[in-house]
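# Understanding the architecture of this molecule
So you can see what is in the structure, the chains are spelled out below.
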Amino acid sequence: MKLYLFPPSSRVLAIVALKNHLALDCEFNPIDLGRGDQLTPEYLALNPNRKMPTLEDGEFVLWESNAILFYMAAKRPESGLWPSDLRGQADVLRWLAWESAHWDAESCGMVAFEKASKAVLGLGAPDPAFIARGEQNFVRFAAVLDDQLKGRAWLIGERLTIADFSIGAFVPSAARFGLPLARFSEIGRWYEGLAALPGWQDAVAAKDAATAAWLAKGSG
Ligand SMILES: N[C@@H](CCC(=O)N[C@@H](CS)C(=O)NCC(=O)O)C(=O)O
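Cut-offs applied
Residues numbered from 1 in each chain as written. Predicted model: local features only at pLDDT ≥ 70, side-chain atom pairs only at ≥ 80, totals over all residues. Heavy atoms only, no water. Axes fitted to C-alpha atoms, helices over the stretch in contact; angles between N-to-C directions. Helix = DSSP H or I, 4+ residues; strand = E, 2+ residues; numbered from the N terminus. Parallel < 35°, antiparallel > 145°, perpendicular 65-115°, else oblique. Contact = heavy atoms within 4.5 Å. Nonpolar A, V, L, I, M, F, W, Y, C, P; charged D, E, K, R; others polar. Buried < 20%, exposed > 50% of the residue type's maximum accessible area, 1.4 Å probe, protein only. Near = heavy atom within 4 Å. Polar contact = N/O pair within 3.5 Å; in protein donor to acceptor, adjacent residues only side chain to side chain. Areas by Shrake-Rupley, 256 points an atom, 1.4 Å probe, with all protein chains shown as cover. Salt bridge = Lys/Arg side-chain N within 4 Å of Asp/Glu carboxyl O. Core = buried A, V, L, I, M, F, W, Y, C linked by side-chain atoms within 4.5 Å. Domains from an automatic or database assignment. Pairing = 2+ DSSP bridges. Patch = residues over 30% accessible without salt bridge, like charges linked within 9 Å, V, L, I, M, F, W, Y side chains within 5 Å.

With that settled, consider the packing of helix H1 (residues 10–22) against helix H3 (residues 65–74). Contact geometry of H1 with H3 gives a least axis separation of 10 Å together with a crossing angle of 5 degrees. Judged by the angle between their axes, H1 and H3 are roughly parallel. In this structure, H1 contributes Arg11, Ala14, Ile15, Leu18, Lys19 and Leu22 to the contact, and H3 contributes Ser65, Ile68, Leu69, Met72 and Ala73. Across the contact of H1 with H3, the residue classes break down as eight nonpolar, one polar and two charged.

Below, the structure is given as structure tokens:
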């Protein structure tokens, strides 16, 4: 399998952590969003959205980070990260949809886009109105997540799933971009569980190194 990734991204953290956790054999193809690698004809043939991440497995090409997480987990059914029972699957799918629609697009991802991605993509200054909206939405959706985590080790209960990888991946950037995580103790407790996974730790170290290199390049 080949993965096309911009290494500083939160979505990439989920994918790299899962790849590490499952010990999958994947080749990384870095995509430099600042240089416009996502706009080349070769890349657009893989992902017409002009976005990363993208996975290529032989003839099969897949985009959307949550679909990629599913595909990777389904390669290792014994991991249980994609449940085998109908209700477990529906529950994980619910949280992946929630991540995409609310956690990413309306809160953590919205703030990260304004405070970091716009600079990477050369899209101008952050818009304070969008940041305020993202912060407001964060409080609303983090409360939902915090409540769900009460009495549960992981998002859907005692089983670690790809929903934990997907949603947990935005926690470091929520902290970096000043979102009020400290108000949500269950999120903090749950994230410690993810942060204790060796594959997660390696992925965070890789993301941090890539982010530092990116920032140094920008200021140098
Ligand atoms: N829903 C998509 C979102 C992907 C996305 O927004 N990727 C951003 C960076 S993290 C991107 O590649 N942006 C490049 C651009 O818009 O030019 C997913 O989860 O894969």
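Picking up where we left off.
To continue, consider unusual backbone geometry. A cis amide bond, omega 5 degrees, links Met52 with the succeeding residue Pro53. A positive phi angle, near 50 degrees, is found at Ala23, a position not held by glycine. Along the chain, Ala23 falls in the loop between H1 and strand S2 (27–30). The class of Ala23 is exposed, set by a relative accessible area of 58%. Its identity is not glycine, yet Arg50 carries a phi of approximately 65 degrees, on the positive side. Considering the arrangement of structural elements, one finds Arg50 in the loop between helix H2 (41–46) and strand S3 (54–57). Looking at Arg50, the relative accessible area reads 53%, which means it is exposed.

Neighbouring the ligand are Ser9, Arg11, Leu33, Gln38, Arg50, Lys51, Met52, Pro53, Glu64, Ser65 and Leu121. Residue Ser65 places a side-chain N or O atom 2.6 Å away from an oxygen atom belonging to the ligand. Across the complex, the protein chains shield 80% of the 510 Å² of accessible surface that the ligand would expose by itself. Looking at the shell around the ligand, its residues break down into four nonpolar, three polar and four charged.

With the rule as written, the count across this model stands at nine salt bridges. A salt bridge links Asp91 to Arg94; the shortest N-O distance between them is 2.9 Å. A residue pair is termed a helical-turn pair when its members lie 3 or 4 positions apart in one helix, as Asp91 and Arg94 do in helix H4 (residues 86–121) at three residues. For Arg94, a relative accessible area of 52% translates into the label exposed.

As a further point, take the nonpolar core. Membership of the largest hydrophobic core comes to 67 residues, with the highest contact counts inside it found for Trp103, Phe138, Leu145, Ile162, Ile187, Trp190 and Trp200. Broken down by element, this core gets its largest block of residues, 10 residues, from H4. Here this core spans two domains, and each of domain 1 (2–79) and domain 2 (86–208) adds at least three residues to it. The contacts of Ile187, once residues within four sequence positions are left out, are Ala142, Leu145, Asp146, Leu149, Val171 and Leu181.

Take the sheet that holds S2 next. As summarised here, the arrangement of the four strands in space is S2-S1-S3-S4, forming an open sheet in which the pairing is mixed. Of all strands in the sheet, those with a lone pairing partner are S2 and strand S4 (60–63), marking the two edges. The sheet shows a mean angle of 20 degrees between the axes of neighbouring strands, taken without regard to direction. The sheet contact formed by strand S1 (residues 2–5) and S2 spans four bridges and is parallel. Residue pairing across strands places Leu3 opposite Phe28, the latter belonging to S2. Packing against the sheet, H1 makes contact with S1 and S2, and its axis sits at approximately 155 degrees to S1. Sitting on the sheet, H3 is in contact with S1, S3 and S4, with an inclination near 130 degrees to S4.

A cluster of nonpolar residues, Phe113, Leu121 and Leu123, forms a patch on the protein surface that exposes about 250 Å² of accessible area. Counting through the fold element by element, Phe113 comes out in helix H4. Given the relative accessible area of 32%, Phe113 is considered partly exposed.

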